[in-house]
Amino acid sequence: MFNDIGALELLTLAILGVLVFGPEKLPKVIQDASRLIRKIREFSESAKEDIRTELGPEFKDFEFEDLNPKTFVRKQLMDGNDDLGLKEIRESFDLRKEITEVTDAVNGRGTESVEAKTGVSGGASVTAANGSKGAPDLLKKGEQPPKDTPPPFDADAT
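Residues numbered from 1 in each chain as written. Predicted model: local features only at pLDDT ≥ 70, side-chain atom pairs only at ≥ 80, totals over all residues. Heavy atoms only, no water.

Chemist: Explain the pattern of salt bridges residue by residue, including any values.
Modeler: For the coordinates displayed, the defined rule picks out four salt bridges. Salt-bridge contacts for K28 lead to D32; the nearest nitrogen and oxygen are separated by 3.4 Å. Highlighted residues: K28 and D32, both in helix α1 (residues 7-55), separated by four residues, approximately one helical turn. Owing to a relative accessible area of 46%, K28 belongs among the partly exposed residues under this scheme. When salt bridges with common partners are traced through the structure, they connect K28, D32 and R35 into a single cluster. (Salt bridge = Lys/Arg side-chain N within 4 Å of Asp/Glu carboxyl O. Helix = DSSP H or I, 4+ residues; strand = E, 2+ residues; numbered from the N terminus. Buried < 20%, exposed > 50% of the residue type's maximum accessible area, 1.4 Å probe, protein only.)

As structure tokens, then:
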């Protein structure tokens, strides 16, 4: 509970306690506070035991910390309980490999591996049933005009 209190904070609390309650009453206030915390803990533990006995023997190993959603998810997904095969899915999913394959496909490199996986040849164009050309092949670079030819000029565009 007080794991993150440093020495300076503790000294500040002690000085504030002396100023607020005075040096005569401070030991009595500390005793009362520790007694109150002890009673609250005892009440909490007895309530937990009552709930466990009311739930029955099948909930004997029930922990109230498991009701925290973060703890529940960690226990169900990350521990050794692999009823759903999640460990195999996590190991088979390689995001870096998938991104590399997509990048290579977009840039036109390594089309052999893409062709092998998809079953579609990168050099073949798609034709419709009526023989007309379908969608252009995005993996194949289009024809480049000669370098010495100026780009076409469109008078209406300017």
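That covers the picture; the talk isn't over yet.
Chemist: How would you sum up α1? Please name residues and give values.
Modeler: Along its 49 residues, α1 runs just 44 Å from first to last C-alpha, ending more than 12% under the 72 Å computed at 1.5 Å per residue. Considering bend angle alone, the principal kink of α1 is centred on G22 and spans about 105°; proline P23 follows within four residues of it. Listed as buried for α1 are G17, G22, L26 and R52. In the segment just after α1, G56 is the residue with positive phi, at about 110°. (Expected span 1.5 Å × (residues − 1). Bend = angle between axes of the 7 residues up to and from the residue.)

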